[in-house]
Amino acid sequence: MFPIYDVIVVGAGHAGCEAAHAAAKMGSKVLLCTMNMNTIAQMSCNPAMGGVAKGQIVREIDALGGMSGIISDKSMIQFRMLNRSKGPAMWSPRSQNDRMKFAEEWRLALEKTPNVDFWQEMISGLLIKNGELKGVRTSIGLEIHAKSVVLTNGTFLNGLIHIGEKQFGGGRTGEAAARGITEQLVELGFESGRMKTGTPPRVDGRSLDYSKMEVQHGDENPEKFSYLDSTTPLKEQRTCWITYTNKEVHASLEEGFDRSPMFNGRIQGLGPRYCPSIEDKINRFAERDRHQIFVEPEGWNTVEMYINGFSTSLPEDVQFKALRKIAGFENAKMFRPGYAIEYDFFPPTQLKLTLETQLIENLYFAGQINGTTGYEEAACQGLIAGINASLKSQEKDPFLLKRSDAYIGVLIDDLINKGTEEPYRMFTSRAEFRLLLRQDNADLRLTKKGHEIGLASDQRLEKMNSKKEKTARLINELKQKRLAPETVNDGLQKIGSAQIKEKITAEKLLKRPQLGIGDLKRFHNELDAYLSNYATEVLEQAEIQIKYDSYIEKEQQMVDKLSNMENFKIPAKFDYLAIPALSAEGKQKLNKIRPETMGQASRISGVTPADLSIITVYLGR
């Protein structure tokens, strides 16, 4: 009934979709297994993509040849570039999306991808014969064979939904939990744990009074995620709104605390620190009189509203009573209550940097099964797992991204070397080289790498090379172009910048913090005519590289210094336990994580500089 597949992907969420698309695009025969074909790429929580650091990840996925950026662009209803008031290392693209269109676009994209087959059924276990992975077993007993398997089970592994004192099994509301895989993996020697996440109630937008809320428009000149020209920026956008909780809301919520699964011990899993439930917020931050609530439309045509900031597992009557005390929600009608969900995960220290498991060859984990939270974090793991599963089936070298290459590299390195005891979320602060890892240059950093493995198209590479060449040409010309005082002083005075007394190059003038390339265009006619020949992305790239040149150079020097340790390989079978001089904790952590390089070993918590010196000596021998 089934051929032998190169890659079977279990789960069709954000991780599973990226894994299936990447492996198939690279020439592997792929089977995507899901319990429900109608919920492929479902946005289980917020109908939005990107945000702080997450937007950088979406751009990186796109630069490598993944699909999340393109799908986001096609289903976008609003775009905002966050942190514009800060430096470019902090700029983060974010889109509000049409939930139904996002899922539809992903399914259509996968159906148009050659080499992708689909199967709708729960996968209940792995086929393991003589210690080797052979494929998967379905709930009705079918055996499907494959060279590799990528598990992207999301919140479905023994998922348990909580609403007040009620609890019932489910991967998300209205969908069954997946059973059998966790138990088999534990039996095989894997360590597992429990985590928790949650979602807010959804309400009828027709029942809200928006006059009592603050309007949150999209950007005046919206951008997009994908570097390709196949998608276009929005010409019209939907509005979002902001309102706030108050003391009355908090008092109403507190009345239900005795029935809260979070406070009475029924929820054992740890929730996300940076996206807490509303009851957690008012408990932890009791001194605050209000908390921000974002009212976000679920799509172009629906009246359903997502109440961002009001995630909760309190009883539905408590949720409803408290909701109606928020400004603008006095007559709110609730479509469905918020809930919390507990699910199994597997500490990611059990993985290799390729996301292949250490215990079972050719088995890969991606997404929330690794303890992460967020669509973007899941999608990039799925991409890397799919890439590496495909490469291994073709007997090619693995694909790895270093911390200095991408936020994706930071995320995977963090997970494998540090593990996580709570849902892991990406932030710009986690990346020590964030000035190099900007959202605007993801294509310059990664498209060539994606093209080399057969994922990024020729079109992508040509577009990136064109951008790179034009940027270099523009920077060189700005270095040559000398501006006289009489041509720029009036303009400098208007923006509060010191006037010049002698000729100065446009490049040197552009280094001034209060001056942008747009200012040069506005008050210098000749430059305006000249610069208008360049695309916005080239102008922006040139300005950033000119303004931050010395800082970028220093960061690159740091990367170069550390690269020696990253290139210092440690043999796969190196016996740490046989080295008596290593610290006890160092032995334990090194033996468990099995670092592939000295650079990776240096980032493992509990491994001391002395341990590293000792390993270096032994490797030298």
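1. Here's the deal with the pattern of salt bridges
Working step 1: Per the stated rule, a full pass over the model turns up 43 salt bridges.
Working step 2: When the shortest N-O distance is used, the salt bridge between Arg107 and Glu111 registers 2.7 Å. Pair noted here: Arg107 and Glu111 are both in helix 4 (residues 99–111), with a separation of 4 residues, about one helical turn.
Working step 3: A relative accessible area of 25% places Arg107 in the partly exposed class.
Working step 4: Taking relative accessible area as the criterion, Glu111 reaches 42% and is therefore assigned partly exposed.

2. Here we look at the pairing of strand 9 (residues 143–151)
Working step 1: Summarising the sheet, strand 1 (residues 5–10) and strand 9 pair through 5 bridges and their orientation is parallel. Residue pairing across strands places Val10 opposite Leu151, the latter belonging to strand 9.
Working step 2: Sheet analysis places strand 8 (residues 132–138) next to strand 9, joined by 3 bridges and oriented antiparallel. For Arg137, the partnering residue across the bridge sits in strand 9 and is Glu143.
Working step 3: Connecting the antiparallel pair strand 8 and strand 9 is a turn made up of 4 residues, with Gly141 showing a positive phi of about 95°.
Working step 4: Here strand 9 runs beside strand 20 (residues 363–365); their pairing, made up of 3 bridges, is parallel. Looking at strand 20, one finds that Leu151 is bridged to Phe365.

3. With respect to unusual backbone geometry
Working step 1: Non-glycine residue Ala53 carries a positive phi angle of around 70°.
Working step 2: Inspection of the secondary structure puts Ala53 in the loop between strand 3 (48–50) and helix 2 (54–64).
Working step 3: Judged by its relative accessible area of 0%, Ala53 is buried.
Working step 4: Even without glycine at this site, Asn130 takes up a positive phi of about 55°.
Working step 5: Counting through the fold element by element, Asn130 comes out in the loop between strand 7 (123–129) and strand 8.

4. Some points on the side chain of Glu356
Working step 1: Examined against the element boundaries, Glu356 turns out to sit in the loop between strand 19 (339–345) and strand 20.
Working step 2: For Glu356, the side chain forms a polar contact with the side chain of Lys392, separated by 2.6 Å.
Working step 3: Ignoring sequence-local partners within four residues, the contact set of Glu356 consists of Leu351, Glu361, Asn362, Leu363, Tyr364 and Lys392.

5. Some thoughts on empty space enclosed by the protein
Empty space left among the atoms is revealed by rolling a probe the size of a water molecule over them.
Working step 1: The full count for this structure, using the stated rule, is 1 cavity of 30 Å³ or more.
Working step 2: For the largest cavity, the calculated volume is near 60 Å³.
Working step 3: Considering the residues around the largest cavity, the lining is formed by Ala63, Tyr227, Leu228, Asp443, Thr447, Arg460, Lys463, Met464, Lys467 and Glu537.
Working step 4: Every element with two or more residues in the lining of the largest cavity is listed here: helix 11 (442–452) and helix 12 (458–480).
Working step 5: Among the elements that line the lining of the largest cavity, the one with the most residues is helix 12, at 4 residues.

6. With respect to the sheet that holds strand 12 (residues 193–199)
Working step 1: The antiparallel open sheet is built from 4 strands, whose spatial order is 11-10-19-12. The open sheet is flanked by strand 11 (166–169) and strand 12, the only strands paired with a single partner. Between one strand axis and the next, the sheet turns by 25° as a mean value, whatever way the strands run.
Working step 2: Where strand 10 (residues 160–163) meets strand 19, 3 bridges bridge the pair, whose relative direction is antiparallel. For His162, the partnering residue across the bridge sits in strand 19 and is Ala340.

7. Looking at the packing of aromatic side chains
Working step 1: The final tally for this structure, using the stated rule, is 9 aromatic pairs.
Working step 2: Measuring from centroid to centroid gives 5.7 Å for Phe190 and Phe365, while their planes differ by 40°, and the two rings are tilted. Of the two residues, Phe190 is situated in the loop between helix 5 (181–187) and strand 12 and Phe365 in strand 20; the sequence distance between them amounts to 175 residues.
Working step 3: Its relative accessible area of 4% is what places Phe190 among the buried residues.
Working step 4: Both rings, one in Phe574 and one in Tyr576, keep their centres 5.0 Å apart while their planes meet at 70°; by these two values the pair is edge-to-face.
Working step 5: Exposure remark for Phe574: the relative accessible area of 12% places this residue in the buried category.
Working step 6: Assessed through its relative accessible area of 0%, Tyr576 is described here as buried.
Working step 7: Taking the ring centre of Trp91 as reference, the NZ or CZ of Arg84 above it sits at 4.3 Å.
Working step 8: Across from the ring centre of Phe285, 4.9 Å away, lies the NZ or CZ of Arg288, which sits over that ring.

8. Things to note about the packing of helix 11 against helix 12
Working step 1: Axis separation between helix 11 and helix 12 bottoms out at 9 Å; the angle between their running directions is 145°. For the pair helix 11 and helix 12, the sense of crossing is left-handed. Residue-level inspection shows Asp443, Leu444, Thr447, Lys448 and His451 of helix 11 in contact with helix 12, the latter providing Asp458, Arg460, Leu461, Met464, Lys467 and Lys468.
Working step 2: Its residues placed into classes, the contact of helix 11 with helix 12 shows 3 nonpolar, 2 polar and 6 charged.

9. Here's the deal with the packing of helix 12 against helix 17 (residues 536–547)
Working step 1: Two elements in contact, helix 12 and helix 17, have axes whose closest approach is 9 Å; the angle formed by their N-to-C orientations is 55°. It follows from the interaxial angle that helix 12 and helix 17 lie oblique. Seen along the crossing, helix 12 lies across helix 17 with a hand that is right-handed. Across from Lys463, Lys467, Lys470, Thr471, Leu474, Ile475 and Leu478 in helix 12, the residues of helix 17 making contact are Glu537, Val538, Leu539, Gln541, Ala542, Gln545 and Ile546.
Working step 2: Across the contact of helix 12 with helix 17, the residue classes tally to 7 nonpolar, 3 polar and 4 charged.

Parameters at a glance
- Residues numbered from 1 in each chain as written.
- Predicted model: local features only at pLDDT ≥ 70, side-chain atom pairs only at ≥ 80, totals over all residues.
- Heavy atoms only, no water.
- Salt bridge = Lys/Arg side-chain N within 4 Å of Asp/Glu carboxyl O.
- Helix = DSSP H or I, 4+ residues; strand = E, 2+ residues; numbered from the N terminus.
- Buried < 20%, exposed > 50% of the residue type's maximum accessible area, 1.4 Å probe, protein only.
- Pairing = 2+ DSSP bridges.
- Polar contact = N/O pair within 3.5 Å; in protein donor to acceptor, adjacent residues only side chain to side chain.
- Contact = heavy atoms within 4.5 Å.
- 1 Å grid on protein atoms, 1.4 Å probe; cavity = no way out; pocket = protein on both sides within 12 Å on 5 of 7 lines; lining within 4 Å.
- Points joined across faces, edges and corners; volume = space filled by probe spheres on them.
- Axes fitted to C-alpha atoms, helices over the stretch in contact; angles between N-to-C directions.
- Phe/Tyr/Trp six-rings, centres within 6.5 Å; stacked < 30°, edge-to-face > 60°.
- Lys NZ or Arg CZ within 6 Å of the ring centre and 35° of its normal.
- Left-handed = near helix turned anticlockwise from the far one by under 90°.
- Nonpolar A, V, L, I, M, F, W, Y, C, P; charged D, E, K, R; others polar.
- Parallel < 35°, antiparallel > 145°, perpendicular 65-115°, else oblique.

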